[in-house]
Amino acid sequence: MRKRAALLFLSALVLMSGCEKIDDSKEKNTAAAEDMVSQSAEISQTENETSAAETEAAAETEIAEETETTETTETTETTEETQEQSLEISEEDYENVLDNIAFVGDSVTSGFSAYQKVDMDKVFATPCVGPSNIRDYSFEYGGDEYAALTILNFEQPDYVVISMGLNDINTYSPENFSEIYMDFVEDAMAVCEDSQFYIFSVTPVAAECENITNDTIDGVNAQLEKTVSEYGSDRLHYVDCNTVLKNENGCLAGDFSGGDGIHLSSGAYDVMLEKLVCSISGE
C-alpha cells in the first residue's frame, strides 16, 4: 500500500516537472515570437522609411528634370523668338533705308527703278557699265546728266549701293576685277565721307547662258568679298545677293530670271532689297 502510494507521488512529481518544462517552453516561444514580431516591425518600418526616402528622392529628381527641361525649352523658345525678331524688318526700316539711299551700277541695277522697288531718282544705272568704264558714263540727275561721282557728291546719301560687273567679268582676272572695282569705290567713299557703302555681289546667270558661266561669277565674287573684307573699313560692306538667287544646281533660279537668263525678275529685287536692309539693320 505504501509502495503504491509512493509510486503515485513520484508520478505526480514527474507530471508537475513536465508541466513546468512545457510552461517554460511556451514562455520562451512566446518571447521569441514577440522578438520576431518586433524585429519584423522594425525591418518593415526601415523598409518603409527607405522606400519613402527613395520615392521622395525620385520625385525630387523628376521635378528637377522637368524643371531643367522646362527651362531649356523656355531658353530655346526665347532664343528662337529673339532670332525671329532680329530677322523681322519693319516698314519703318524699309522707309528709312529707301529714303536715304543711292544705287549706282549697270542694267541689272536699273531693275530697282524699272520694277518700281526704289524711286527712280535714287537709281543711277545704265546698260554696259562695269568697273572698268563707269567713269566714262553719265547718268540722268535733276534734268541733266552727270558722272556718278558728281551725283554722289550732290546727294550725300546715308547708304550707297554699288552693283555692277557682268560686263567686265570675262575681261579681267578676279584679282584685277576687284582692284579696278575698289579704285572706283575708294573715290566714291572720298566724296561721301559720311556714307555707308554696300557692294553687291555679281548676280548669277541661268544654266543656258552661253557667254558667262557661274563658275566665273563665283570666282569673281569670292575675290571681291575678300578684297572688301581686307580693306578693313567699317563703312564698307559686302552683300551676298548671288547665293539667294540660285537654284539647287548653282544657277539663276527660274523664278528670279527676267527671261534672258541674265537680267532679273521683279521677285529677285525683293530678295536683294531684303538682304540689303538686313545688312543695314544689323549694323
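In this convention, every chain numbers its residues from 1, walking through the sequence in written order. The model is predicted, so local features are restricted to residues of pLDDT at least 70 and side-chain atom pairs to those at 80 or more, both for listing and for counting; the totals for chains, interfaces and linings are taken over all residues. Here the side-chain values reflect all heavy atoms present in the structure, with hydrogen atoms and water set aside.

Chemist: Even after reading the chapter, I still don't get the pairing of strand S3 (residues 138-141), so can you show me in this structure?
Modeler: Remember that side chains alternate between the two faces of the sheet whenever the strand is regular. The rule for pairing is simple: two strands pair if DSSP sees at least two bridges between them. Here a helix means four or more residues in a row that DSSP labels H or I, a strand means two or more in a row labelled E, and each is numbered from the N terminus. Strand direction decides the pairing type here: S3 and strand S4 (residues 144-147), joined by 4 bridges, are antiparallel. Bridging from a neighbouring strand, Phe 139 pairs with Tyr 146 of S4. What sits between S3 and S4 in their antiparallel hairpin is a turn of 2 residues, with Gly 142 showing a positive phi close to 60°.

Chemist: Is there a simple way to think about the pattern of salt bridges in this case?
Modeler: A side chain of one charge can pair with a side chain of the opposite charge if their charged atoms are brought near each other. One speaks of a salt bridge when a side-chain nitrogen belonging to Lys or Arg is within 4 Å of a carboxyl oxygen belonging to Asp or Glu. The full count for this structure, using the stated rule, is 4 salt bridges. Two residues, Arg 135 and Asp 183, come together in a salt bridge whose shortest N-O distance is 3.3 Å. A residue pair is termed long-range when its members are at least 10 positions apart, and Arg 135 in the loop between strand S2 (123-125) and S3 and Asp 183 in helix H5 (residues 174-191) qualify at 48 residues. Judged by relative accessible area, Asp 183 falls into the partly exposed class, the value being 40%. Residue Arg 135 pairs with Asp 187 through a salt bridge whose shortest N-O separation is 2.6 Å. Taken together, the residues Arg 135 in the loop between S2 and S3 and Asp 187 in helix H5 connect sequence positions 52 residues apart. One network of salt bridges, with partners in common, ties together Arg 135, Asp 183 and Asp 187. For the exposure calls, accessible area comes from a 1.4 Å probe over protein chains only, and a residue counts as buried if that area is under 20% of its type's maximum, exposed if over 50%, partly exposed in between.

Chemist: I tried to follow empty space enclosed by the protein on my own but got confused; where do I start?
Modeler: With a probe scaled to a water molecule rolled over the atoms, the places where space remains empty come into view. Think of a 1 Å grid over just the protein atoms. A cavity is a set of points where a 1.4 Å probe fits yet cannot get out, a pocket is an open set with protein on both sides within 12 Å along at least five of seven lines, and lining residues have an atom within 4 Å of a point. Grid points are joined across faces, edges and corners, and a volume is the space filled by probe spheres set on the points. Counting across every chain of the model gives 1 cavity of 30 Å³ or more. Considering only enclosed or pocket space, the largest cavity measures out at about 40 Å³ in volume. Considering the residues around the largest cavity, the lining is formed by Asp 106, Val 108, Ser 163, Met 164, Gly 165, Leu 166, Ser 201, Val 202 and Thr 203. Each residue gets one of three labels, nonpolar for Ala, Val, Leu, Ile, Met, Phe, Trp, Tyr, Cys and Pro, charged for Asp, Glu, Lys and Arg, and polar for the others, Gly among them. Split by residue class, the lining of the largest cavity holds 4 nonpolar, 4 polar and 1 charged.

Chemist: Mind showing me how you'd approach the confidence of the model for the protein chain here?
Modeler: Note that predicted coordinates carrying low pLDDT should not be read in detail. A residue's pLDDT is simply how confident the predictor is in it, with values from 0 to 100. Across the protein chain, pLDDT averages 80, with 68% of residues at or above 70. Note on contacts: a residue pair qualifies if any of its non-hydrogen atoms lie within 4.5 Å across the two residues. Note on residues 1-34: pLDDT under 50 across the span, and 0 contacts to partners over four residues away in sequence or across chains.

Chemist: Would you mind going over helix H4 (residues 148-155) with me for this structure?
Modeler: Given 3.6 residues per helical turn, the α-helix brings residues three or four places apart onto the same face. What H4 keeps buried is the set Ala 148, Ile 151 and Leu 152. For H4, the angular spread of the buried residues around the axis is 100°, confining them to a single face. Residues of H4 that are buried make contact with strand S1 (101-105), S2, S3, S4, strand S5 (159-163) and H5. One or two steps after H4, the chain reaches Gln 156, where phi turns positive at roughly 50°. It is the directions from the helix axis to the C-beta atoms that the arc portrays.

Chemist: Just to check I follow, could you spell out the layout of surface pockets for this structure?
Modeler: Its boundaries defined by the atoms lining it, the largest pocket holds a volume of some 330 Å³. Secondary structure elements with two or more residues in the lining of the largest pocket: helix H3 (107-114), S2 and S3. Broken down by class, the residue content of the lining of the largest pocket amounts to 6 nonpolar, 6 polar and 3 charged.

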